[in-house]
Amino acid sequence: MTETRETGGGGTRPLLTVRDLSVQVATEAGAKTVLDRLSFDLTGGETLALAGESGSGKSMTALAIMGLLPKPMARVSGGAIKLGETDLTAMDERGYRKIRSARVAMIFQEPMTSLNPLMTVERQLIEVLLEHEVCRRSEAPKQALRLLKDVRLTEPERRLKQYPHELSGGMRQRVMIAIALACDPEILIADEPTTALDVTVQAEILDLIRTLQAEHGTAVLMITHDMGVVAEMADRVIVLRHGRQEEAAPVRELFAAPQTDYARTLLAAVPRLGSAPARPQAEARKKIVEVDDLSVRFDITGGILNRTIARVHAVENVSFHIRERETLALVGESGCGKSTIGKALLGLVPWDGSIRVDGVQTRGRSRAMMHPVLRDIQMVFQDPGASMDARMTVGEQVIEPMRVHGLARGSELQDRAEWLFKRVGLSPDMLSRYPHEFSGGQRQRVCIARALSLSPKVIVADESVSALDVSVQAQVLDLLQELQEEDGLSYLFISHDMAVIDRVADRVMVMRLGQVMEEGPRDAVLRDPQHPYTKRLLAAVPVPDPTRSRPAMPDAAGIEEASPIFPVGQSPQRIALHDLRQGHRVARVAATTP
Amino acid sequence: MWGYLLRRLFESALILLGITFVTFILLYLVPADPARQIAGRSATAETVANIRDQLGLNDPLFVQYWRYLAGLFQGDMGRSYLQRAEVASLIMARLPASLMLMVTAIVTELIIGLTIGVVAALRRNKPADHSLMIFSFVAISAPQFVIGILLLYVFAVQLGWFPIGGYGTWAHFVLPSVTLGLLGAGWYSRMMRSSMIEVLNQDLVRTARAKGLSKLRIVTRHVMPNAILPIIAMIGIDIGLFMSGIVVVESVFGWPGIGQLAWQAIQRVDIPVIMGVTMVSATAIVLGNLLADLVAPLIDPRIKTK
């Protein structure tokens, strides 16, 4: 382990000094060291990123500094955390309470679950102000309002009286930041603050953190798995792996010349927009999926007689096709209807329009009638842990679809399952294990094996790699590509991650509020976007290159605020697409049509 | 809001109508003959037949049911076969005692149950938790008449702290309320414990700690309000549980409530009284659930009455 040489801060004394910090977690097999002798300094006004994949100990470091390690399972087993001259590891709970929020504040990944659902924004803000005696009770509401204005929340007066569920994800994270900055702390710890947010919202929140940091001179400890976020935010980086420091360097040096193998692998695995090789054209191949005028609406009921009072127009007149051996990527922010399209293809939600899978019309088919269609089209979901039955062996789960569809029986089932496991890169003797015995990446391989068991022609991959670490993500993407080349599979690849889409897609379809904004070949849509919404999406993606100066976000001109909910009888205005060239089609922009 | 209330009241009325129908059929199917009960053992077959005729028991089931319903809509619950009084006035005379007992029992079970649940959750897997959970287990599994008699023996007979039975002063309420509430206290303590533990593990508690709040404030302002949400719905259902308990407890303590009235009526096949008591308890259950649903959105802003 090398001693980190600190360079930042221009010679001022560090606010926070962490020396040889170790954290142990009690497991059934005894104490396990999850953080091993980590040392670093944090000086005023700088941003230090702790980067690493899951299990690297980055969150444990944050919780250890805040004194919030989950007791009694985890404890600081060695080293020192010094805030100025105070040693935090020796601090009792009473003393720590005076430090939290007042001197070191923290924001978390999930702003929804991190806020109390039963308290208004105002009460949650005032609570922290009064606890640390920042102001008098009578002035607290005014102070709370000022804080909301500070984090650039729209309509701050109204927000004060609202509950967390009435706010969007981005607004909630702004409220969390307002709470964290209420006492003007010296240090802000941000633990994956934008991981749960849409990419444009992420860009706004990161921007806000940067602005506030400049205004208040706060030191930021940024914890993230996303090397793009690291490149955009950090002055210095510590790369962690399995609780050990792999590399510590100023951000530009790390990205320009990583010194350790792990840092090199990690950076290589990061998907980058525009770096993917060209893909062969699939023009002449047969259309496997043809969708015409697909609409999915969900009723909202209410009133005395529980009648339908409004509808969510989740998908509105969407048409597309997927050819054999082709990957169509559906991209858009949460709530744009991309997952609903995937579900409609498998008949999992009621829909209108026409869907043909390998020439077979699926409209009006009952569950039983869908059976033969489902052999051709299968789905791989986002969370492989939650989409498997925890009480069934993975082998059983791979075999079950083949048994239901009568594809094989007896020992043949076992043989096929073994073969499928080998294909997805798992060992056949893992078949008798249960889902919890696998890592996230392995579980997703099991899910892919299950989807493949019926030898489908199309796989709907709904955010299938979003929950995985980048190195694992790269492996799973490679596997999907291999399967496509060998079996001629087609994919409907649903994702919010532009860089991942860049890597896998032949064609890209950008959705917003249930309608298509832009579609076309990958290179046309991602390299030469025409619609302002696509441009905004692309500009918001954090780029893993610290030397690049951050481009200003294109403003939201031509992208009006809107909701997909309409009263009964009303429909959203149908957006027409016009052809540019070679299948590149784009929605007319409201601003350009008078 | 008012539309919602109106719809729920309408639904409640439908449920009650269904209950009258089911109860009526069940009582019709009972092999005991109320006319024989009224006439006594020594009466001749002719007398019994006369009584049957007078009461209209020879009419077809649906004619009898219709007659009952028609009366009910005019506020007439019929006359008791045996007590020579209107069912409505019999019930009204005894209802206040039962309602008071129920209210004190609910308060008792909530105080005992929630306190135990909170303490057990905060002392999870420590000796205090284990002993409290054993207590709640006993409270759930012990029959109410055993608890009632045991409490009577210890606190009324041996120690003489409370009256042995009867109704009148506040002292009379203590033992019956505890007996009736102990079962619910056992359930609530377990529910509150697991609900508290769940909330304690949620992110919002981590945020509260990161704010530097005191443990007391975190528990009372953040954890308990969130933990109590699933319990509110239970209280409505609970009133049904009380209705069965009240028959036992009123018998043990000689409490002049509708539980005793029901018990006497069942023994002697006094059908109008049985019907009346059933209707009253069904109404209590339905209203209790309605009340729980109306209170929930006041505490949880995420629930909207629609």
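Residues numbered from 1 in each chain as written. Chains lettered and ligands numbered in written order. Predicted model: local features only at pLDDT ≥ 70, side-chain atom pairs only at ≥ 80, totals over all residues. Heavy atoms only, no water.

Formally: UniProt positions are given in the numbering used here, feature names are shortened, and annotations may be inferred rather than shown by experiment.
Looking up chain B in an unreviewed UniProt entry gives the name Glutathione transport system permease protein GsiC, with the organism given as Palleronia abyssalis. Taken verbatim from the UniProt record of chain B, the Sequence similarities (unreviewed entry) comment is "Belongs to the binding-protein-dependent transport system permease family."

Naming follows an unreviewed UniProt entry, where chain A appears as Glutathione import ATP-binding protein GsiA of Palleronia abyssalis. The UniProt entry for chain A carries the following text under Sequence similarities (unreviewed entry): "Belongs to the ABC transporter superfamily." Per UniProt, chain A carries the Subcellular location (unreviewed entry) text "Cell inner membrane".

### Here's the deal with the sheet that holds strand β3 (residues 47-51) of chain A
Residues and elements named next belong to chain A. Note the threshold: Here, any two strands with at least 2 DSSP bridges between them count as paired. Comment: elements are numbered from the N terminus, with helices defined as DSSP H or I runs of at least four residues and strands as E runs of at least two. Convention adopted: a line fitted to C-alpha atoms gives each axis, helices being fitted over their contacting stretch, and angles between N-to-C directions are expressed from 0 to 180 degrees.
The 6 strands lie next to each other as β6-β7-β8-β3-β9-β10, forming an open sheet whose pairing is mixed. For this open sheet the edge positions go to β6 (104-107) and β10 (244-250), each flanked by a neighbour on one side alone. Strand-to-strand twist across the sheet, computed as the mean angle between neighbouring axes with direction ignored, equals 15°. As defined by bridge partners, β3 adjoins strand β9 (residues 236-241) across 4 bridges and the pair is classed as parallel. Looking across to β9, one finds that A49 is bridged to V237.

### A few points about helix α1 (residues 2-29) of chain B
Cut-off, in case you're wondering: The span you would expect from a helix comes to 1.5 Å times its residue count less one. Any two residues having at least one pair of non-hydrogen atoms within 4.5 Å are treated as being in contact.
Helix length check: α1(B) (28 residues) gives 41 Å between terminal C-alpha atoms against 40 Å at 1.5 Å per residue, within 8%. Summarising the contacts, the buried residues of α1(B) are in contact with α4 (61-73) and α12 (271-299) of chain B.

### Focus on unusual backbone geometry
Residues and elements named next belong to chain A. Cis geometry marks the peptide bond from K71 to P72, where omega comes out at -5°. Positive phi, normally seen in glycine, also occurs at H242, with a value near 50°. For H242, the position within the fold is in the loop between β9 and β10.

### With respect to the UniProt feature "domain: ABC transmembrane type-1" (unreviewed entry) in chain B
When the UniProt feature table is mapped onto this chain, "domain: ABC transmembrane type-1" (unreviewed entry) is found at residues 95-296 of chain B. Taken end to end, residues 95-296 of chain B has its terminal C-alpha atoms 27 Å apart, with 85% of it in helix and 0% in strand.

### Quick look at the sheet that holds strand β2 (residues 30-42) of chain A
Paired through backbone hydrogen bonds, the strands of a sheet run either parallel or antiparallel to each other. Residues and elements named next belong to chain A. Ordered by their spatial adjacency, 4 strands build an open sheet running β2-β1-β4-β5, and the pairing between neighbours is antiparallel. The outermost strands of the open sheet, each flanked by one partner alone, are β2 and β5 (86-87). Bridging between strand β1 (residues 16-27) and β2 involves 9 bridges; their strand directions are antiparallel. Note on β2: the bridge partner recorded for V25 is K32. Running at roughly 110° to β1, helix α1 (residues 58-66) makes contact with β1, β2 and β4 (74-83) of the sheet.

### Here's the deal with the packing of aromatic side chains
Test applied: Stacked, edge-to-face and tilted are the three classes for Phe, Tyr and Trp ring pairs, Trp counted by its six-membered ring, which pair at centre distances within 6.5 Å; planes under 30 degrees apart are stacked, over 60 edge-to-face, the rest tilted. Exposed residues in this analysis have more than 50% of their type's maximum accessible area, buried residues have under 20%, and partly exposed residues fall in between, with area computed by a 1.4 Å probe over protein chains only. For a lysine, the NZ atom is tested; for an arginine, the CZ atom; a charge sits over a ring if that atom is within 6 Å of the ring centre and within 35 degrees of the ring normal.
Enumeration according to the criterion identifies 9 aromatic pairs over all chains in this entry. The interplanar angle of 40° and the centroid separation of 5.7 Å between the aromatic rings of F24(B) and Y68(B) together place this pair among those described as tilted. Within this pair, whereas F24(B) is found in helix α1, its partner Y68(B) is found in helix α4, the two being separated by 44 residues in sequence. Assigned by exposure class, F24(B) and Y68(B) land together as buried. Measuring from ring centre to ring centre gives 5.1 Å for W170(B) and F173(B), while their planes differ by 35°; the resulting arrangement is tilted. Relative accessible area serves as the criterion here: at 61%, W170(B) is assigned to the exposed category. Members of the aromatic cluster, each reached through a chain of ring pairs, are F21(B), F24(B), F62(B), Y65(B) and Y68(B). Between R512(A) and the ring centre of Y533(A), over which it is positioned, the NZ or CZ distance is 5.4 Å.

### Looking at the UniProt feature "domain: ABC transporter" (unreviewed entry) in chain A
Mapped onto this numbering, the UniProt entry gives "domain: ABC transporter" (unreviewed entry) at residues 18-267 and 289-538 of chain A. When the span residues 18-267 of chain A is considered, its composition is 39% helix and 27% strand, and the gap between its end C-alpha atoms is 26 Å.

### Examining the domain arrangement of chain A
Residue and element names in this part refer to chain A. Stated precisely, the cut-off is as follows: Note that domain bounds follow an automatic or database assignment of domains. By buried area we mean how much accessible surface two parts lose on assembly, using a 1.4 Å probe and totalling the loss over both. A pair is scored as a salt bridge if a Lys or Arg side-chain nitrogen falls within 4 Å of a carboxyl oxygen belonging to Asp or Glu. Classification convention: Asp, Glu, Lys, Arg as charged; Ala, Val, Leu, Ile, Met, Phe, Trp, Tyr, Cys, Pro as nonpolar; all other residues, Gly among them, as polar.
Taken domain by domain, chain A consists of domain 1 (14-269) and domain 2 (287-553 + 561-587). Taking only C-alpha atoms into account, the centre of domain 1 sits 33 Å from that of domain 2. With 21 residues of domain 1 at the interface, the matching set in domain 2 holds 19 residues. Carbon and sulfur atoms make up 55% of the area that domain 1 and domain 2 hide from each other, which totals about 1800 Å². Interface area lost by domain 1 to domain 2 is led by V199, T200 and E232, which between them contribute 29%. Taken together, the connections running from domain 1 to domain 2 amount to 1 salt bridge. Breaking the side of domain 1 that touches domain 2 down by element, the ones donating at least two residues are α8 (199-216), α9 (227-233), α10 (251-256) and α11 (261-269). Residue contributions to the side of domain 1 that touches domain 2 peak at 7 residues, all from α8. When its residues are assigned to classes, the side of domain 1 that touches domain 2 shows 10 nonpolar, 4 polar and 7 charged.

### Some points on the UniProt feature "transmembrane region" (unreviewed entry) in chain B
Per the UniProt annotation, the sites labelled "transmembrane region" (unreviewed entry) are residues 12-30, 99-122, 134-155, 167-188, 227-253 and 273-296 of chain B. In residues 167-188 of chain B, the share of helix is 82% and the share of strand is 0%. The end C-alpha atoms are 28 Å apart.

### Brief notes about a nonpolar patch on the surface
Residue and element names in this part refer to chain B. To be explicit about the condition: Patch definition: residues with relative accessible area over 30% and no salt bridge; like charges joined within 9 Å; nonpolar side chains (Val, Leu, Ile, Met, Phe, Trp, Tyr) joined within 5 Å. Note on areas: Shrake-Rupley, 1.4 Å probe, and residue coverage restricted to the protein chains presented here.
Taken together, the side chains of F21, V22, L26, Y28, L29 and F62 define a hydrophobic patch exposed on the protein surface, amounting to about 630 Å² of accessible area. In terms of residue count, α1 provides more of the nonpolar patch than any other element does, 5 residues in total. Summarising the element assignment, L26 is placed in helix α1.

### Considerations on the pattern of salt bridges
Summed over the entire model, instances satisfying the criterion amount to 51 salt bridges over all chains. In this structure, E127(A) engages K211(B) in a salt bridge whose closest nitrogen and oxygen atoms are separated by 2.8 Å. One end of the pair, E127(A), is in helix α4 (residues 121-131); the other, K211(B), is in the loop between α9 (203-210) and α10 (215-253), on a second chain. Take E127(A): its relative accessible area is 3%, and that puts it in the buried class. Notably, a salt bridge pairs E86(B) with R79(B), separated by 3.5 Å at the nearest N-O pair.

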